[in-house]
Amino acid sequence: MDYEAHFQKRISDLKSEGRYRSFATLERIAGRFPKALCYAPDGSSKEVTIWCSNDYLGMGQHPVVLNAVKEAVDRSGAGAGGTRNISGTTRYHVELEESLADLHQKESALVFSSGYIANEGALSTLSKLLPDCIVFSDALNHASMIMGIRSGGCEKHVFRHNDVEHLEELLKSSDPKRPKLIAFESVYSMEGDIAPIKEIIELAEKYSALTYIDEVHGVGLYGPRGAGVAEERGLMDRIDIIEGTFGKAYGLMGGYIAGKAAMVDAVRSFAASFIFTTSLPPGVLAGARASVEHLKVSDIERQRQRRNVRRLKARVEAAGMPYMQGESHIVPLVVGEATCCKQVTDMLMSEYDIYVQPINFPTVPKGTERLRLTATAAHSLEEVDHFVDVLQELWSESHMFQHAVA
Ligand SMILES: *Cc1c(COP(=O)(O)O)cnc(C)c1O
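Residues numbered from 1 in each chain as written. Predicted model: local features only at pLDDT ≥ 70, side-chain atom pairs only at ≥ 80, totals over all residues. Heavy atoms only, no water.

Chemist: Can you walk me through the overall build of the protein in this structure?
Modeler: Along the protein, the regular secondary structure elements total 14 helices and 14 strands. Radius of gyration (C-alpha) of the protein: 22 Å, near the 22 Å computed for a compact globule of 406 residues. Its C-alpha atoms put the protein at 60 × 55 × 55 Å along the principal axes. Looking at the protein as a whole, 54% of its 406 residues are labelled buried. A distance of 2 Å separates the average location of the 44 positive side-chain charges in the protein from that of its 54 negative side-chain charges. (Helix = DSSP H or I, 4+ residues; strand = E, 2+ residues; numbered from the N terminus. Rg over C-alpha atoms; globule rule 2.2 N^0.38 Å. Buried < 20%, exposed > 50% of the residue type's maximum accessible area, 1.4 Å probe, protein only. Lys, Arg positive; Asp, Glu negative; His and termini not counted. Charge placed at Lys NZ, Arg CZ, Asp CG, Glu CD.)

This is the structure we're talking about:
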């Protein structure tokens, strides 16, 4: 077999479908987010405004965070030096896990290399350890949850997105004696909507199922202490396992779970993706803890972000552009066709120095390709207005959005 030709063919197929992924090479400028330099292949660069970042509150450049990172590097050096079990558990890990257990008012918390790894490790381990477990999974759950459930290897039922009636049907028709786990997200990152958390908890209580919530796009942003949508809605104590990330609103990287001590300890003891990997370095952990602690008490960043999100939604709506109207801070603008989606974002970048990454299959279903817009705390109202003016211009003049579906 001509291996190389085979791989080339797979790539050219992607290109002809318009969903070949090209990355923007950025250099973020501390203190100037959402501005960044964007590099062309010839090495030249220009300043752009980012409109698709998950650094929702600008914590990736907050002085409190930067100082904590620097101090930890100066004190402890670059790497952790081992896996958690073999010399890689530092004071920074333990302190961050205490901070997280407090954030979510749970007995225990456990830090992973990323949110992806946290979902994969926790869901696979919990479902594998429960004998004959059945997992109920929202149809739009993140790839990391799907991977975790798949590698857990137990029976799985997918319920229609946010559809509690369908979930109940599935629960009702399952053997009442078998252990069950319901896995869902709070904020769905690509749709911008929020799960009916209370109704799902009520079903879990009625059918004796464990609840596992991914609050990756909720933590830092929602609730009086930034513990997520479940905190905002007064439901945190009724959820068994909360999963989160430091990679989005907290501005760094790394993931975690929080829950009952026995469950967290089981994951710590059995999850391969937790055990067999080098632990996060001191700088990242110290920065994450500084960010979590800061957002437990500071609301300024959240207020500014909400103000900008409100403005963005109001202006997009007034312009008559078809965005998916969810309760969250995410504004998905549906284009509905991959090549067109890419053309729009190329134009934004080349003509207007605005960076939005097109979102294509398999991140979202084919035919629903979209621009996923995020107004952060770091944008100004003028930047919001300018951005929507530009979108509107493209919209009306260039027929770029001819495939748009309402
Ligand atoms: C980004 C994301 C993850 C993964 O988190 P990372 O820390 O980036 O690995 C998990 N779940 C959802 C819903 C996400 O959007």
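Chemist: So what exactly am I meant to see when it comes to the side chain of His 294 here?
Modeler: With respect to the secondary-structure elements, His 294 resides in helix α11 (residues 282-297). With near-sequence residues (within four places) excluded, His 294 lies in contact with Met 59, His 62, Val 64 and Glu 301. (Contact = heavy atoms within 4.5 Å.)

Chemist: I'm lost on the site of the ligand in this one. Help?
Modeler: What surrounds the ligand is a group of 13 residues, the closest being Gly 115, Asp 214, His 217, Thr 245 and Lys 248. Contact distances for the ligand include 2.7 Å between an oxygen atom and a backbone N or O atom of Gly 115. Note that a nitrogen atom of the ligand is positioned 2.6 Å from one of the side-chain N or O atoms of Asp 214. Considered on its own, the ligand offers 380 Å² of accessible surface; in the complex 84% of this is hidden by protein. Its atoms largely coinciding with the cavity grid, the ligand occupies the largest pocket. The leading source of residues in the shell around the ligand is helix α4 (residues 115-129), at three residues. (Near = heavy atom within 4 Å. Polar contact = N/O pair within 3.5 Å; in protein donor to acceptor, adjacent residues only side chain to side chain. Areas by Shrake-Rupley, 256 points an atom, 1.4 Å probe, with all protein chains shown as cover. 1 Å grid on protein atoms, 1.4 Å probe; cavity = no way out; pocket = protein on both sides within 12 Å on 5 of 7 lines; lining within 4 Å. Sits in = over half its atoms within 2 Å of the grid points.)

Chemist: Would you take a moment to explain the layout of surface pockets for this structure?
Modeler: In this approach a probe as big as a water molecule rolls over the atoms, and the regions it shows empty are the leftover space. Here the largest pocket defines a volume of roughly 1,300 Å³. In terms of lining residues, the largest pocket is bounded by 45 residues, among which Asn 54, His 142, Ser 189, Met 190 and Lys 248 are the most central. Every element with two or more residues in the lining of the largest pocket is listed here: β1 (25-28), α4 and α5 (143-152). Within the lining of the largest pocket, the residues separate by chemical class into 20 nonpolar, 17 polar and eight charged. In this structure, the second largest pocket encloses a volume near 720 Å³. Around the second largest pocket, the lining is made up of 28 residues, and of these Ser 22, Phe 23, Ala 24, Tyr 355 and Gln 357 lie nearest the centre. Mapped onto the lining of the second largest pocket, the elements with two or more residues apiece are β2 (35-39), β3 (45-50), α13 (338-352) and β13 (358-359). A per-element tally of the lining of the second largest pocket places α13 first, with six residues. Tallied by class, residues from the lining of the second largest pocket come to 13 nonpolar, ten polar and five charged. (Points joined across faces, edges and corners; volume = space filled by probe spheres on them. Nonpolar A, V, L, I, M, F, W, Y, C, P; charged D, E, K, R; others polar.)

Chemist: Just checking my understanding: could you explain the pattern of salt bridges for this structure?
Modeler: Oppositely charged side chains may form a pair once their charged atoms are brought near each other. For the structure shown, the criterion picks out 27 salt bridges. We note a salt bridge from Arg 225 to Asp 102, for which the minimum N-O separation is 3.0 Å. Here Asp 102 lies in helix α3 (residues 91-104) and Arg 225 lies in the loop between β8 (209-214) and α8 (229-232), a separation of 123 residues in the sequence. For Arg 225, a relative accessible area of 24% corresponds to the partly exposed category. Residue Asp 102 is classed as partly exposed on the basis of its relative accessible area, which comes to 34%. Note that Arg 370 is salt-bridged to Glu 191, the shortest N-O span being 3.1 Å. Within this pair, whereas Arg 370 is found in strand β14 (residues 370-374), its partner Glu 191 is found in the loop between β7 (180-185) and α7 (197-206), the two being separated by 179 residues in sequence. Both residues of the pair, Arg 370 and Glu 191, count as buried. Salt bridges here are not isolated pairs; linked through shared partners, they connect Asp 102, Arg 225, Glu 293 and Lys 296. (Salt bridge = Lys/Arg side-chain N within 4 Å of Asp/Glu carboxyl O.)

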